[in-house]
Amino acid sequence: KLNEDLSKIDFKIPNIGFRTDLKLEKKRGDTIKGNAKIKIFNTNLKFEFTYSDNKFEIFNSFLRNKLLSFNNNSVIIFNPYFDLKSKFVIEDIDLKLFKEFNFEKLLNKENIIKRINSENEFSFIPKKFSGYIFDELNLKINLAYGRLKYQKNFLIDNSVFNCEGSMN
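Conventions and cut-offs
Residues numbered from 1 in each chain as written. Predicted model: local features only at pLDDT ≥ 70, side-chain atom pairs only at ≥ 80, totals over all residues. Heavy atoms only, no water. Core = buried A, V, L, I, M, F, W, Y, C linked by side-chain atoms within 4.5 Å. Buried < 20%, exposed > 50% of the residue type's maximum accessible area, 1.4 Å probe, protein only. Helix = DSSP H or I, 4+ residues; strand = E, 2+ residues; numbered from the N terminus. Contact = heavy atoms within 4.5 Å. Pairing = 2+ DSSP bridges. Axes fitted to C-alpha atoms, helices over the stretch in contact; angles between N-to-C directions. Patch = residues over 30% accessible without salt bridge, like charges linked within 9 Å, V, L, I, M, F, W, Y side chains within 5 Å. Areas by Shrake-Rupley, 256 points an atom, 1.4 Å probe, with all protein chains shown as cover. Salt bridge = Lys/Arg side-chain N within 4 Å of Asp/Glu carboxyl O.

**Brief notes about the nonpolar core**
Here is a general trend for soluble globular proteins: nonpolar side chains tend to be buried in one another's company. By size, the foremost hydrophobic cluster in this structure holds nine residues: L63, L68, F70, F88, I90, I93, F124, Y132 and F134. Secondary-structure elements contributing two or more residues to this core are β6 (68-77) and β7 (83-93). Take this core: its biggest share by element is three residues, from β7. Dropping the residues within four chain positions of it, F88 is found in contact with F70, N71, N72, N120, E121, F122 and S123. In this structure, A36, F47, F49 and I76 belong to the second largest nonpolar core, which totals five residues.

Laid out in structure tokens, this is it:
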């Protein structure tokens, strides 16, 4: 469903559990502002955005499903190079996600990895009595031209651990 002025777009594909509700504010110059609500299977995603001059900003973003929930703010620049800067605050995560993820398959996509430039920050403070061995985790991952640099800090029983490294 589309409004005549394209200020509201509702799109559904019932067979796969996909639904999106997109609301756009009036354009000011080349700037487009809006918010989105997306549901894919059992995953809900909400965010506000601004697009202007090949720059897509996502803020007040919240993703939730039974394995993961987080808040996020991101800036994506499309020209002259693809560049992504994100900050994630993880509220809950099921570590099964990492057991099922195939890192080797990802690393074999070398041509794609070399084209991505990104700076990502992740922070996670588990809820009390959640069973995690750490009390706090902060992770910074920078990827540029196929080179990955990482820095992680975590807190276990009032002891701080710092790790840094890089890899091609």
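**Points about the sheet that holds strand β4 (residues 43-52)**
An order of β1-β2-β3-β4-β5-β6-β7-β8-β9-β10-β11 is seen for the eleven strands of this open sheet, with the pairing classed as mixed. Looking at strand neighbours, the two that pair on one side only are β1 (8-13) and β11 (159-167), the edges of this open sheet. Within this sheet the neighbouring strands show an average axis-to-axis angle of 10 degrees, counted without direction. Of the pairings in the sheet, the one linking strand β10 (residues 147-156) to β11 comprises nine bridges and is antiparallel in character. Across the sheet, residue Y150 finds its bridge partner in β11, namely G165.

**As for a nonpolar patch on the surface**
On the surface, F11, I13, I16, I40 and F41 cluster together to form a nonpolar patch covering roughly 460 Å² of accessible area. Inspection of the secondary structure puts I16 in the loop between β1 and β2 (18-24).

**Concerning the pairing of β10**
For strand β9 (residues 136-144) and β10, the ladder comprises nine bridges, and the chain directions are antiparallel. Within β10, the residue paired with A144 across the bridge is R147. A loop of two residues connects β10 with β11, the two strands running antiparallel in sequence, and D157 in this loop sits at a positive phi of about 50 degrees.

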